[in-house]
Every structure is written in C-alpha cells, then in structure tokens.
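# Coordinate analysis (summary)
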Protein chains: 2
Amino acid sequence: MTKSFYPPLRTLMGPGPSDVSPRVLAAMARPTIGHLDPEFIRMMDEVKQMLQYAFKTDSPLTMPISAPGSAGMEACFVNLVEPGDKVIVCQNGVFGGRMKENVERFGGIAIMVEDEWGKPVDPAKVESAFAANSDVKILAFVHAETSTGVLSDAKRLCQIARDNDALSIVDAVTSLGGSELDVAGWGIDAVYSGTQKCLSCPPGISPISFSERAVEAIEKRQSKTPSWFLDQKLVMGYWGGGAKRAYHHTAPVNSLYAFHESLVMLEEEGLENAWARHRHHHDALRVGLEAMGIGFLVDEPYRLPQLNSVFVPEGIDEAKVRSQLLANYNLEIGAGLGALAGKVWRIGLMGSACNKQNVLLCLSALENTLSGMGADIAKGQALPAAEAFYAE
Amino acid sequence: MTKSFYPPLRTLMGPGPSDVSPRVLAAMARPTIGHLDPEFIRMMDEVKQMLQYAFKTDSPLTMPISAPGSAGMEACFVNLVEPGDKVIVCQNGVFGGRMKENVERFGGIAIMVEDEWGKPVDPAKVESAFAANSDVKILAFVHAETSTGVLSDAKRLCQIARDNDALSIVDAVTSLGGSELDVAGWGIDAVYSGTQKCLSCPPGISPISFSERAVEAIEKRQSKTPSWFLDQKLVMGYWGGGAKRAYHHTAPVNSLYAFHESLVMLEEEGLENAWARHRHHHDALRVGLEAMGIGFLVDEPYRLPQLNSVFVPEGIDEAKVRSQLLANYNLEIGAGLGALAGKVWRIGLMGSACNKQNVLLCLSALENTLSGMGADIAKGQALPAAEAFYAE
C-alpha cells in the first residue's frame, strides 16, 4: 500500500519553483467550489484585475492559462503564428530555442538572431534581421533568460518591432514581479509568465496578456488555431468578463485560489517595492559571493537580480555540491543548462525566497561545502561582507 | 486593496469538480519542493504506479498531463493524428464534438458517427462506418459522456477498432474511478481522464495512458507533433522513469501532491469497491428521485451511476432551482448542456461526494425547493424511499 507523501522542508533558491508563502499554501487548500460558481467568477475578476496591475496593462485579454509557463508560451505562438508567417526569434539561452520549436511546429518560419549564452539580445542584430527580411510578422524574445540570468532590453526590442510593423511576443516568466516590466508602456503585444518564480506561487499556472493589436491579428487568422485547449477566442468565452461565462474547460480551481493570494500579496507589497526588494537582496548576495571569490557569468548591467548565474570554482564537481547542499542544508540551487552545464550554478532569489535569511543561509552553506571539498575560495569573508551590506 | 478569497463551503453534486477530501486538500498545501528534487521524483514514480492500477494497465507511457482534462484530450489527438488521417469520431454529447474539433485542428479527417444525446454509441453504426471507409487510423469515442450521463460499451467499441486495424482514443474523464474501466483488458490505445470527477481531486491534472501500439504510431510520425507542451516524446524524458529526468516543463508540484493523495485513497478503498460505492449511492438516489416522480434521461442499462441526468419538472425554471439550492443549501448541481439546456439537471455522485449524506441532502433540498415553486412532484416520498433502500 502506498503511503501519503510528506515532502521535506526545502529552501528553494534554484531557477523556480521558489519558496511558497504559507499564506499561498493555505489558500490552495481551501475547499474546492465549482468553476461556474458565482463566488468563483467574482474571484476570477479579481485575479484578472490584479494581473493587469502586475503586468502594467489594462488589456482585457489578460488571464491565467490553466497550465505551466511552457503552455503560456505555446498559447502566444499557437494563436499568433500561421503557416508561412515569418518570426524573428532571438536566442541567447534555452528558452529562445523553445520559441523556435514553437514557431516551426505551427508552420511558421523562424529567422534566428543568436547571441552568446550569458549575453543579452543585441538590438543591432535584431534591426539587421528586420532589414534583411521583409514581411516579418513577429519578433519573439526572452525578457529574463532563466537559463542564464540575463535581462534583455524589452522596451527597445519592442520599439524595433513596432518600427517594423511587427508584433512582439515576450517571455516574462522570470521577470514578472521581480524586475521592471511594463507591458502597455513598452508596447508588448503578447506576454506570458509563470507563477512559480517571483510571484512565489506553486507551478501550474501561466499568466498571459495580449494587446489590442495582437487580438486583431488573432481575429484575422485565416486558419483555425491548431489547438482547442489554448484557442484564446474560446478561452475568452470563460475568462472574458460579465456574469455569464461559457464553459470551455474546467479551471484549476485551487491553483487559482493560490494565484489569487500571491497577487494579493504583491498588491500589498507594491510592484515597485517588490522589484526593489529583489535588487536589494541580490546586491547582498553578490557582495558575499564576490568576497568568497565567486564570479558572475553575466556582465553587471544585464544581471537579473532574481537569478544569479555564478561560476563553479575550478576543479569542483558542481553536482556533488548541490547534493550536499540538499542533504545538509535542505537548500536547493540550480544547475547550469546546455552549454553551461557543469560550469555555473543558478542561484535564485525569487519572490518569498528573496530575503535576508536565505541570502545568509546560501552564503554560509556554500562556503562551508566548498571549503570541505578543498575549493580555492576566500574563507570567512562572505558573511561579514553581506552583513556589512545589510547594515548600511 | 483586494482581500484574500475565502470560498463558501459547497457540496459539489454537479458534473465536476466534486467534493475534495480534506486529506487531498491537506496534501495540496504541503511545502513546495523542486520538480527535479529526488524526493519529488520518488513521488512521481508512485503516482505512475498508482495510476497504472487505476487505469488497469502496465503501460509505461502512463502519466498525468500538467493541465486539465481538455489538455489530456488534446494530448491524445495531437500525438496520434497526422494531416490526412481518417478518424471515426462518435458523437452522442458535447465531448464527441470537441473530439471532432481536435481531429480537424490537427489536419485529420473526422468521419462522424452520430447518436442522439442521451443514447450510447451504437456499435452497429461504428461497424458501418468502418465498412464504408478504408484506411481509418483511429476510432474515438467517449466512454462516459459527462454532458448526458451515458455509458457506452468501450470494450466492444475497442474490439471493433482492433478488428479494423485501427487505434482507439477513449475519453474516460468521468468513468475513471467511478465505473469499470479496463484499459489493457479492453485494448484501449489512448485514454485520458480528469482528476476532478471520481478521483475527487481538484481540477488541473489530466491522467493519460498510451498502449504499445499507440507509442509505435507516435514514433512513426512523419511530421513533428504540432505542440511542444504536449509532445509525449518530450514529456517522457521527464516522466519516463529512472533517476535522471530531463527538464521539459515545470511540473505542477502541489497539484501532484494532491493527485498522489487521491490515488492513495483509491488504493486504500480498492478500485472495485469504489465502483460498487458509486453504484450503491446511485441506486439510493434513483429510488428517491423516482419516488418524487422525477425521471431519468438515460435508459437504465446505459446510466452512469456517477452522473445522473434527470428531467426538470414541467413548467419549472431550472436555473432558479439551481440558484436556490446554492443559496439555501450550498448545494451545487449541474445544468443541461447544448440541446438539453433547460430540460435536465445533471446530478453528480462522484468520488468523495458519492455518499449517503449527500444523497439525502440532495433529495431533501430538491423536494423542498421544487415544492416551494409549485412543481408537480410527489411529496414526502423521496427520503423514506432512499432510507428504506439504505436499510435493506
């Protein structure tokens, strides 16, 4: 007979999921009600309004997709890309590659703009790609690359798209709630995110938003969207507003309770304060890591505060370090992906996990573990440096 | 400032979600851990084994999709249907129509076999459709039609598919855990279900299973699956087993805790006992409703015990009855869909909600509400009839 599962108590400082607040966990466990219950519909309206606040948009086509971030990505591409459409896809990490897969699976033509992993998307290359290709329908890029910890200049890239009469699709999975994101102000046409990063909600929901221009493009489609589940014209019958909601699919009721609570917490803190908190604790972590002699993959101006890619010291087995952190400290940090596997760790400071206790725990655990393995690091420096930073 | 959301305490006797056990809600609120955490991977293996038990199959391609039942349907069609493929789709309610949409959106040709809403799929018509069409790749039908409460003969229909060298796709959203379902024994090639019906878990996850023949068909695809999120070849890198899991998407960690617990509860009760419980309380409800003078849409041999479509008494505004049940009893029952809207109610007895208290509450609340509206029903008969049934 299988037994009930009791997870260990971890501190989640990887690339997500991040630590979930007890308030959000408690919300998730409230009694399930029907997905057409008037009380549930009232809650859906609040989710929508708070999500518009988080994204900084008043677009009515703003809602959570009933599946994780990868499905949010797919919802953007499957609704906007038609066979033969040209899409400029910027790749500077794992998720640009996934965007290419999306474009091609829906019959589009992906024009790749490549930048080194760990570098931001180069706007000049994007301009050249527009100059070299006529009739580009969409520019797609990742705002905050979870695989490397790089922030690209979404405002400028979206402006280039507008200047070339193209739509923009932006991956904001790791930026939403952690770094400045201004969907309407920057003219983003389609954006998707996840709940399990800087919003500190369990994974499983993907918030998205489409601009008026994107909605027009969806309405002008020549072919039926090659997905029923993600067809936003159908989904809007349920999420569209008003008292009368058409059944499309059964909403993940309890996951939406949790998401609602995480958005209430964001509203309480204030969006700008949340961004500042991520920056503050990142600075403390950076000071501590640098004092230890650990360096960053990403150049300072492009670093994501909420995801820190740092170099594994010479000669150290990075997987063994992660295993020991998990075993001895219940602390999870992330591995490098793709070309960076074995070379970097990804240390997340996302949402509820972005706090002083976690910064100090991480520095202490990492220093002790690395010392035990004979790594060439400075000892006894990291914690005092971080404490001094906090004392300023 | 938006406030936290506290849902009302409902009794869920509609078409799903059904009442969720406090054990499952408690599991859902346990601390989130990483989707690549060794402890989480151990739990995934248990989910897979228990799901094989629930489906009655030992197929390794048995797993929960990270999205609701509609995405489970889409996972079956998007992986198995290629452009130009002929698919016989049986329609005897809402969900057959959705299957047709799926086939066509993925470039397949849907050959429709229609039966009246409230009737089971007619195997003779399916045989005729195979006789009239060569090279049919797939037969698709709904085992338990949630829109009408009809059970079709899945064993016989799958045999017809095999006799014609076709694969079968079976919608078992409402049957899994509530009515006999024998995936391997009946030779079902692709099956999908939901968590929020007879498994009494919050909505958001869709268990699926593919047979060896289905896996071969997926591996022989000429074209790439037109979905990245639902491409089972990729998903298997994560759910496939073994200690090393490739990241595909971030699993909905807490929703899977809940699903794990609901499967533990099913294992504890025993699959056959769960089927018998659904039958037993259905019989009690039937006796009570018939004593009140309320009749069933579906002929007795094809009735789903877990979903009872019953006629609204002459001259009664069915929506008003549902509103009053919700307002006065916190009791949710379902409306009719499509052609049956306004004519029937759908009374669910699913999973944890399938118990004596709910049967008696529903009979009492319905009788009192209908009496108050002057409906032509027999008074004072329903509860004694049900009590007498239980006393037998």
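Residues numbered from 1 in each chain as written. Chains lettered and ligands numbered in written order. Predicted model: local features only at pLDDT ≥ 70, side-chain atom pairs only at ≥ 80, totals over all residues.

## Looking at the overall build of chain A
Inclusion rule: Only DSSP runs of H or I reaching four residues or more are called helices, and only runs of E reaching two or more are called strands; each is numbered from the N terminus. Our radius of gyration looks at C-alpha atoms and nothing else; its globule reference is 2.2 Å times the residue count to the power 0.38. Residues with at least 20 neighbouring C-beta atoms inside 10 Å of their own are called buried, those with 12 or fewer are called exposed, and the rest are partly exposed, where every C-beta is derived from the backbone. Residues are treated as contacting if the C-beta atoms built from their backbones sit within 7 Å of each other.
If you tally the helices and strands in chain A, you get 13 helices and 13 strands. For 392 residues, the compact-globule estimate of 2.2 N^0.38 gives 21 Å, and the C-alpha radius of gyration of chain A, at 21 Å, lies within 12% of that figure. Along the first, second and third principal axes, the C-alpha atoms of chain A reach 65 × 55 × 50 Å. By residue count, 58% of the 392 residues in chain A fall in the buried class. Sequence-distant contacts in chain A: of pairs separated by 6 or more residues, those separated by 24 or more amount to 73%.

## Things to note about the sheet that holds strand S9 (residues 190–192) of chain A
Hydrogen bonding along the main chain pairs the strands of a sheet, whether they run parallel or antiparallel. All names here are of chain A. Note the cut-off: Criterion used throughout: strands pair if DSSP finds at least two bridges between them. Axes, fitted as lines to C-alpha atoms, cover a helix only where it is in contact. Angles between the N-to-C directions of the axes lie from 0 to 180 degrees.
Pairing in this open sheet of seven strands is mixed, and the strands run S2-S10-S9-S8-S5-S3-S4 from one edge to the other. In the strand order of this sheet, the two ends are held by strand S2 (62–65) and strand S4 (109–114), each with one partner. The average undirected angle you get between the axes of adjacent strands in this sheet is 20°. Inspection of the sheet shows strand S8 (residues 167–171) paired to S9 by three bridges, in the parallel sense. Directly across from Asp171, in S9, lies its bridge partner Tyr192.

## Focus: the domain arrangement of chain A
All names here are of chain A. Let me state the cut-off plainly: Domain delimitation follows an automatic or database domain assignment. Following the grouping adopted for this structure description, the nonpolar residues are Ala, Val, Leu, Ile, Met, Phe, Trp, Tyr, Cys and Pro, the charged ones are Asp, Glu, Lys and Arg, and the polar ones are all others, Gly among them.
Domain annotation of chain A identifies domain 1 (22–268) and domain 2 (271–391). Summarising the inter-unit geometry, the C-alpha centres of domain 1 and domain 2 are found 29 Å apart. Between domain 1 and domain 2, the contact holds 23 residues from the first and 23 residues from the second. Counting residues per element, the ones that place at least two in the side of domain 1 that touches domain 2 are helix H2 (38–55) and strand S7 (150–151). For the side of domain 1 that touches domain 2, the residue count by class is 11 nonpolar, 10 polar and two charged.

## Quick look at the relation of the copies chain A and chain B
Threshold: Here the copies were fitted onto each other by least squares, based on C-alpha atoms from residues at pLDDT of at least 70 in both.
Superposition of chain A onto chain B requires a rotation of 180° combined with a translation of 0.0 Å along the rotation axis, giving an RMSD of 0.0 Å. Taken together, the turn and the small shift mark the pair as related by a two-fold rotation axis. Of all interface residues in chain A, 100% are interface residues in chain B too; the two copies therefore contact each other through one and the same surface.

## Comments concerning the interface of chain A and chain B
Taken together, the 66 residues of chain A in the interface contact 66 residues of chain B. Only helix H1 (22–28), H2, helix H3 (69–80), helix H4 (94–105) and helix H9 (253–269) of chain A provide two or more residues apiece to the side of chain A that touches chain B. Counting residues per element, the side of chain A that touches chain B draws most heavily on H9(A), which supplies nine residues. Its residues assigned to classes, the side of chain A that touches chain B comprises 32 nonpolar, 20 polar and 14 charged.

## Let's talk about the sheet that holds strand S10 (residues 206–210) of chain B
Residue and element names in this part refer to chain B. One open sheet holds the seven strands; their spatial order is S2-S10-S9-S8-S5-S3-S4, and the pairing between them is mixed. The sheet terminates laterally at strand S2 (62–65) and strand S4 (109–114), the two strands that pair on one side only. Mean inter-strand twist for the sheet, computed between neighbouring axes without regard to direction, equals 20°. Summarising the sheet, strand S5 (residues 136–142) and strand S8 (residues 167–171) pair through five bridges and their orientation is parallel. Pairing of Leu139 across the sheet is with Ser168, part of S8.

## As for the nonpolar core
Here is the rule we go by: To form a nonpolar core, buried Ala, Val, Leu, Ile, Met, Phe, Trp, Tyr and Cys residues must be joined through C-beta atoms within 7 Å.
Among the nonpolar cores identified, the biggest contains 263 residues, and A:Leu80, A:Ile88, A:Ala140, B:Leu80, B:Ile88 and B:Ala140 are the most heavily contacted of them. Not counting residues within four places of it along the chain, the set of residues in contact with B:Leu80 comprises B:Ile138, B:Leu167, B:Ile169, B:Ala190, B:Ala214, B:Ala217 and B:Ile218.

## Structural notes on the pairing of strand S10 (residues 206–210) of chain A
Residue and element names in this part refer to chain A. With five of five residues buried, S10 lies mostly within the body of the structure. With four bridges joining them, S2 and S10 adopt antiparallel strand pairing. Across the sheet, the residue bridging to Pro64 is Pro207, located in S10. With three bridges connecting them, S9 and S10 associate as antiparallel partners. The residue of S10 that forms the bridge with Val191 is Ser209.

## Regarding helix H9 (residues 253–269) of chain B
Residues and elements named next belong to chain B. Let me state the cut-off plainly: The length a helix should cover is 1.5 Å for every residue beyond the first.
Given a rise of 1.5 Å per residue, 17 residues ought to cover 24 Å, and the 25 Å separating the end C-alpha atoms of H9 matches this to within 8%. Across the 17 residues that make up H9, a large majority, 14, are buried. One or two steps after H9, the chain reaches Gly270, where phi turns positive at roughly 95°.

## Side note on unusual backbone geometry
All names here are of chain A. The omega torsion of the bond from Gly16 to Pro17 falls at 5°, within 30 degrees of zero and hence cis. As for its placement among the helices and strands, Pro17 is situated in the loop between strand S1 (11–13) and H1. Notably, Asn330 is not glycine yet its phi reads approximately 50°, a positive angle. In this structure Asn330 comes out as partly exposed when scored by C-beta crowding, with 15 C-beta atoms within 10 Å.

## Observations regarding the packing of helix H5 (residues 123–132) of chain A against helix H6 (residues 154–163) of chain A
Residue and element names in this part refer to chain A. Applied cut-off: By definition in this entry, angles of less than 35 degrees are roughly parallel, angles greater than 145 are roughly antiparallel, angles of 65 to 115 are roughly perpendicular, and the rest are oblique.
The geometry of H5 relative to H6 is characterised by a closest axis approach of 10 Å and an angle of 10° between their N-to-C directions. One element, H5, and the other, H6, form an angle in the roughly parallel class. Packed against H5, whose contacting residues are Pro123, Val126, Glu127 and Phe130, the element H6 presents Arg156, Leu157 and Ile160 at the interface. For the contact of H5 with H6, the per-class residue count stands at five nonpolar, no polar and two charged.

## Regarding the packing of helix H11 (residues 318–329) of chain B against helix H12 (residues 356–372) of chain B
Residue and element names in this part refer to chain B. The condition that has to hold: Here is the rule for handedness: rotate from the far helix to the near one, and if that takes an anticlockwise turn smaller than a right angle the crossing is left-handed, while a clockwise turn gives right-handed.
Relative orientation of the contacting elements H11 and H12 amounts to 120°, with a least axis distance of 10 Å. By the angle between their axes, H11 is oblique relative to H12. The two elements H11 and H12 cross, and the hand of that crossing is right-handed. Across the interface between the two elements, Val321, Gln324, Leu325 and Tyr329 from H11 touch Leu361, Ala365, Thr369 and Leu370 from H12.

## Describing helix H11 (residues 318–329) of chain A
Residues and elements named next belong to chain A. The condition is simple: Picture the helix axis, draw a direction to every C-beta atom, and the arc is the one those directions span.
Between its first and last C-alpha, H11 extends 16 Å over 12 residues, near the 16 Å set by a 1.5 Å rise per residue. Of all the residues in H11, the buried ones are Val321, Leu325 and Leu326. All buried residues of H11 lie within an arc of 135° about the axis, which places them on one face of the element. Opposite its buried face, H11 presents the exposed residues Ala319, Lys320, Ala327 and Asn328, each directed more than 90 degrees away. Of the residues flanking the end of H11, it is Asn330, one or two places downstream, whose phi is positive at about 50°.

## Focus: the pairing of S8(B)
For S8(B), a buried count of five out of five residues is recorded, marking the element as mostly surrounded by other parts of the structure. With burial as the criterion, each face of S8(B) is covered, one bearing B:Leu167, B:Ile169 and B:Asp171 and the other bearing B:Ser168 and B:Val170.

## Topic: the environment of A:Trp186
Residues and elements named next belong to chain A. Mapping Trp186 onto the fold places it in the loop between S8 and S9. Assessed through the 22 C-beta atoms surrounding it within 10 Å, Trp186 is described here as buried. Taking the C-alpha atoms as reference points, Trp186 and Ala154, separated by 32 residues in sequence, lie 7.4 Å from one another. Aside from chain neighbours lying at most four places away, what touches Trp186 is Ala154, Lys155 and Cys158.

## Section: the confidence of the model for chain A
Short version of the rule: The pLDDT score gives, residue by residue, the confidence of the prediction method on a 0 to 100 scale.
Per-residue confidence for chain A averages 96 on the pLDDT scale, and 99% of its residues sit at or above 70. Reported confidences for the modelled complex are a pTM of 0.97 and an ipTM of 0.97.

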